Amino acid sequence: MSNHEDLREPCRQAVRMAQSLGAQDVEVFAQETRDITTDIEKHDLQTSSSRQETIIGVRAMLDRQVGFTCTNILEELEASVANAVQLAKASPRDDNNRLPGPVAFDPVPDLHDPRAERCSASEVVGQAIRMIETAESMDRRLVLGSGEFSVHLQTRCIVTSQGIDLLERSSLFSCFALATAKDGERVSNMAFQFDASHSFDGIDVTRVARRACQDALSSLGAERGQSFVGPVILSPEAVLDVVVSLLSFQLSAKNALRGASRWGSLLGQQVACGDFHVVDNGRLPGGVATQSFDREGVPHREVTLIEAGTMQGLMHNSYTAHAMSIQNTAHASGGARSLPGISPTNLTILPGSSSKDDLIADIQNGLLVNRFSGSSNPISGDFSGVAKAAFHIQGGKIVRPVTGTLIAGNVFESLMSLSGISSETERVFSAVLPYLRLENISVTSEKDAV
C-alpha cells in the first residue's frame, strides 16, 4: 500500500464484517513494514536485503470467546475475518476476554523521519562501509567480525468495535558492531556496541564502530583469570543478559496469573536493595521502543514497577488488568501475527549515586564483566556462564583483561544484596541500564573448573 492512510479502511471494513457475522467485540490490528539491511561478516560486506510486508490480524469475540487469524494477502481479509469468528464460536469462554475503550492522548512527536522514506539500499551499504573504514583507520589489528546497519519503517493501525481508531508511523535506524583485535598469537575478547535512533541524524555509525574497536584493543593479551567468591560488576550489556530477563518475567501479570512469578503476590514488599528502582516508559524521548500506544491501542505512560527495592506493580494488558481488577498499564505487546502478549517497552533501571570508577575503587579482588554468554533462569533466578570481555579488579583498579572465566549466582539474592549502582547508564537495545555491583558471586577460572 503506497498510501499509509489506506490501512485504516480495510481495518474498518474488517470490523464491520466481523460484526455482521455475529461478533460482539472486534479488534483489527495492521502493520505495514519496510526494512533495508546490510550485514558485515569477517570485515567485509556480505548481504544487503530489502523486505516489505503488510499483515492484518483479526481478533473476534462472541460471549467472551476469542478467535484470532491473520493474513498478509488483502484479498483474503474477508475469509480471515470469517475464520476468526468461527474460531471464537469454538473456543472456551473466559470472562477476562475484554477489549479496552478509547482514551484521549497526545501522540509522541518525532517518531518518524521522512528521510527514512527516501533511504536507498546504497545509502545503507554506505553506512556499513563507514563502520569498516573506521576500524581500518584505527588499527590494522582490528577486525569487525560482525555488524549491521538497518532502516526500519513501520505503520501501525488499530481499529476496534469499542471506538479505537488509531494510526501511527515510525522509523528506526539501528546499527551494531562486534569487533576483535589480533596481534600475532594474541587475540582480544569480542567487543559489542549498539545504537539506534528514530532519526537518521541521531545515529553515528563511526562512534559505534570506534567504541567497539577501542574495547577490543583494550582486551588484547587477556590471560586466565582466578577463582574466588566475591564482587562482580556487570556492564549494562551484561545486566541485560543476566538481570533484565528475570525482571521482564517476574513483573509480567500474565506470569503472575499463571503462578509462575515469584513476585506476583509481593506487591508492597521488598524484592531488592533500597537503592534499586525500575520504571518502564513507552513514551521515553528517544527510546528505541517508544510508541504512542500499545498493541491494543492503549496510550503508553511511565509506570513505576520497583521503587526503593519495593514492588509497586506488574505490567498489564487488558486481559490481566480485568482478571486482577487493576488499571491497564499499556504493556500489551506483539504484532499483527498473534494475540497480544505482555512485555516491557523502554525498561529502565534508574542510576545510582556512585560512578563506575567509584564502584571499582571499593573492590580489592573482583571482576568487571562487559558481556555474558550463558543462561539466566527467570523462574529460579540462577545464572551461570562465561564472563566475556572481562577484566580483573585488584586494589580498586582494573589490572588486566581475563579470559576463560565463568561466573554463577542467583539474581534474586544478588538484587537483595546489591552493593552498587552506577550513575552512568547506557541504552542496550530498548533498555536503559547502569553498571551493577553484585556480591558473593562465584568466579571460576576454566583451568580450575572440574
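Residues numbered from 1 in each chain as written. Predicted model: local features only at pLDDT ≥ 70, side-chain atom pairs only at ≥ 80, totals over all residues. Heavy atoms only, no water.

With that settled, consider the overall build of the chain. Helices and strands together make up the secondary structure of the chain, namely 10 helices and 21 strands. Structurally, the chain occupies a C-alpha span of about 75 × 55 × 40 Å along its principal axes. The buried share of the chain, taken over its 450 residues, is 54%. Within the chain, contacts between residues at least 6 apart in sequence are counted, and of these 72% link residues at least 24 apart. For the chain, the separation between the mean place of its 39 positive charges and that of its 53 negative charges on side chains is 2 Å. (Helix = DSSP H or I, 4+ residues; strand = E, 2+ residues; numbered from the N terminus. Buried < 20%, exposed > 50% of the residue type's maximum accessible area, 1.4 Å probe, protein only. Contact = heavy atoms within 4.5 Å. Lys, Arg positive; Asp, Glu negative; His and termini not counted. Charge placed at Lys NZ, Arg CZ, Asp CG, Glu CD.)

With that settled, consider the packing of helix H1 (residues 8-20) against helix H2 (residues 77-89). One way to put it is that H1 packs onto H2 with a least axis distance of 10 Å and a crossing angle of 40°. One finds that H1 runs oblique with respect to H2. For the crossing formed where H1 meets H2, the hand is right-handed. The segment H1 lies against H2, with Pro10, Ala14, Met17 and Ala18 engaging Leu77, Glu78, Val81 and Val85. (Axes fitted to C-alpha atoms, helices over the stretch in contact; angles between N-to-C directions. Parallel < 35°, antiparallel > 145°, perpendicular 65-115°, else oblique. Left-handed = near helix turned anticlockwise from the far one by under 90°.)

The final tally for this structure, using the stated rule, is 7 aromatic pairs. Put simply, the rings of Phe176, Phe192, Phe194 and Phe429 pair up and form one aromatic cluster. Note that Arg156 overlies the ring of Phe293, its terminal NZ or CZ placed 4.2 Å from the centroid. Taking NZ or CZ as reference, Arg262 lies 3.8 Å from the ring centre of Phe412, over its face. (Phe/Tyr/Trp six-rings, centres within 6.5 Å; stacked < 30°, edge-to-face > 60°. Lys NZ or Arg CZ within 6 Å of the ring centre and 35° of its normal.)

Turning our eyes to something else, we now look at unusual backbone geometry. Positive phi, normally seen in glycine, also occurs at Ser325, with a value near 50°. With respect to the helices and strands, the residue Ser325 is situated in the loop between helix H8 (318-323) and strand E13 (332-333). Positive phi values are uncommon outside glycine, yet Asn440 reaches one of about 55°. Mapped onto the elements, Asn440 comes out in strand E21 (residues 431-445).

Another point: the state of the cysteines. Scanning the model with the defined rule gives 0 disulfides in all. Lacking any disulfide linkage, Cys11 is separated from the closest cysteine sulfur, that of Cys157, by 4.0 Å. With a relative accessible area of 0%, Cys11 lands in the buried category. (Disulfide = S-S within 2.5 Å.)

We now examine helix H6 (residues 236-250). The terminal C-alpha atoms of H6 lie 20 Å apart, and with 15 residues this matches the ideal 21 Å at 1.5 Å per residue to within 8%. Along H6, the largest kink reaches about 45° and is centred on Val243. The element H6 is extensively covered by neighbouring structure, given that 11 of its 15 residues are classed as buried. Among the residues of H6, those classed as buried are Pro236, Glu237, Ala238, Val239, Val242, Val243, Val244, Leu246, Leu247, Phe249 and Gln250. (Expected span 1.5 Å × (residues − 1). Bend = angle between axes of the 7 residues up to and from the residue.)

What follows deals with the nonpolar core. Leu234, Leu247, Trp263, Phe276, Leu367, Ile407 and Leu415 are the most contacted members of the largest nonpolar core, which has 49 residues in total. Formed by 29 residues, the second largest nonpolar core is a distinct cluster that contains Cys175, Cys213, Ala216 and Leu220. (Core = buried A, V, L, I, M, F, W, Y, C linked by side-chain atoms within 4.5 Å.)

Right, let's talk about helix H5 (residues 205-218) for a bit. Here H5 spans 20 Å end to end across 14 residues, near enough to the 20 Å set by a 1.5 Å rise per residue. Buried residues along H5 sit in contact with helix H4 (121-138), strand E4 (142-160), strand E5 (165-183) and strand E7 (191-197). Structurally, the start of H5 carries an N-cap: the backbone nitrogen of Thr206 is 3.1 Å from a side-chain oxygen of Asp204. (Polar contact = N/O pair within 3.5 Å; in protein donor to acceptor, adjacent residues only side chain to side chain.)

Moving on, we get to the pattern of salt bridges. This structure, assessed with the given rule, holds 25 salt bridges. Among the salt bridges present, the one from Asp165 reaches Arg12, with a minimum N-O distance of 2.8 Å. Of this pair, Asp165 sits in strand E5 while Arg12 sits in helix H1, and the two are 153 residues apart along the sequence. What makes Asp165 partly exposed here is its relative accessible area of 29%. Linking Arg98 and Asp95 is a salt bridge whose minimum nitrogen-to-oxygen distance equals 3.1 Å. For Arg98, a relative accessible area of 24% gives the class partly exposed. (Salt bridge = Lys/Arg side-chain N within 4 Å of Asp/Glu carboxyl O.)

Turning our attention to the pairing of E5. Among the 19 residues of E5, 14 are classified as buried, and the element is accordingly described as predominantly covered. Counting the residues in the hairpin turn of E4 and E5 gives 4 residues, including Gly163, whose phi is positive at 110°. Here E5 pairs with E7 via 7 bridges, running antiparallel. Looking at the pairing, Leu178 lines up with Phe192 of E7. The pairing of E5 with strand E6 (residues 186-187) spans 2 bridges and is classified as antiparallel. Along E6, the bridge assignment pairs Asp183 with Arg186. (Pairing = 2+ DSSP bridges.)

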